[in-house]
Amino acid sequence: MTLLGVSDLRGGYAAADEIVKGVTVHVDGGEIVSLIGPNGAGKSTLLKLIAGLLRPRSGQVRLGDREIAGLDAPAISRLGLAFVPQERNVFGAMTVAENLEMGGYLDTAHLRSRRDEIYERFPMLAEKRRAAARTLSGGQRQILAMAIALMNAPALLLLDEPTAGLSPRAAEDLFGTIVALNRSGVAILMVEQNAMEALAVSARAYVLVQGRAEREGRAEELASDPTVRDLFLGGKVPPMLDRHTEGLS
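Our subject in this report is the structure included herewith. Computed from a predicted structure; not experimentally measured.

### Here's the deal with the pairing of strand β10 (residues 212–218)
Part 1 of the argument: The sheet contact formed by strand β9 (residues 204–209) and β10 spans six bridges and is antiparallel. Within the sheet, the bridge partner assigned to V209 lies in β10 and is R212.
Part 2 of the argument: The turn linking β9 back onto β10 is made up of two residues, and Q210 within it adopts a positive phi angle of 50°.

Structure, rendered in structure tokens:
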């Protein structure tokens, strides 16, 4: 069943600015889908258009049976879509607990129970609940950023470069967290520069080039395609994160 359907979406950062040029993508319930491609391809802009941080010039965005193109970000969040930006995704001066409270502001009636669920899912955050977010490691901050988004119990999570700036080990651990979230029932649409690693944990992927979706397909097929590897992935196939991807299809 299609959870997110994007059709011929166009837009950018200004009225006359078209970075995304007619992109059509979809995410089914329970999937991890990756957006890969060169820098400047429009991947992050596409996520912002879907999430309501930018207003599309044209095209359709459907979340379930609702048309959401043109709605603002809080309205879209209330409908079950959460966006985790690459930068400035936590409040550094606030504690972990305060960050989670900020994430639950749209549904204060369930704030306490959802915060407790977050602590159960991520024991590290429970241990550091009184610590300022700025004291966390890079990987821990990314987990907190995702936890903030989860405070509104989204059906779909948009992740923009979740492993940017992380060490290889921290990035691998974070991919493991992403897989675990997906297995708990959250669908994920992810922009990621670590393209081979992203494909290893994804069901499907789209290759964006100059604002257009030039290729799409099963993640394992794209990962083994010599043209895709040579053009966008450096031609190398790293370990497929077997301990995280066992059982994925």
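### Things to note about the layout of surface pockets
Part 1 of the argument: Size it by volume and the largest pocket reaches roughly 560 Å³.
Part 2 of the argument: Lining the largest pocket are 22 residues; nearest its centre among them are F83, P85, Y105, I148 and A149.
Part 3 of the argument: Going through the elements one at a time, α2 (73–78), β6 (81–84), α3 (96–103) and α6 (138–150) are the ones with two or more residues in the lining of the largest pocket.
Part 4 of the argument: Of the residues assigned to the lining of the largest pocket, the class counts are 17 nonpolar, four polar and one charged.

### Points about the sheet that holds strand β1 (residues 2–11)
Part 1 of the argument: The strand order across the open sheet formed by four strands is β2-β1-β4-β5, and the pairing between neighbours is antiparallel. Edge positions in the sheet fall to β2 (20–28) and β5 (66–67), since each has one partner strand and no second.
Part 2 of the argument: Here β1 runs beside strand β4 (residues 58–63); their pairing, made up of five bridges, is antiparallel. Looking at β4, one finds that G5 is bridged to R62.

Each value, and the rule that gives it
- Residues numbered from 1 in each chain as written.
- Predicted model: local features only at pLDDT ≥ 70, side-chain atom pairs only at ≥ 80, totals over all residues.
- Heavy atoms only, no water.
- Pairing = 2+ DSSP bridges.
- Helix = DSSP H or I, 4+ residues; strand = E, 2+ residues; numbered from the N terminus.
- 1 Å grid on protein atoms, 1.4 Å probe; cavity = no way out; pocket = protein on both sides within 12 Å on 5 of 7 lines; lining within 4 Å.
- Points joined across faces, edges and corners; volume = space filled by probe spheres on them.
- Nonpolar A, V, L, I, M, F, W, Y, C, P; charged D, E, K, R; others polar.

By themselves, these are just geometric observations and shouldn't be taken as functional.
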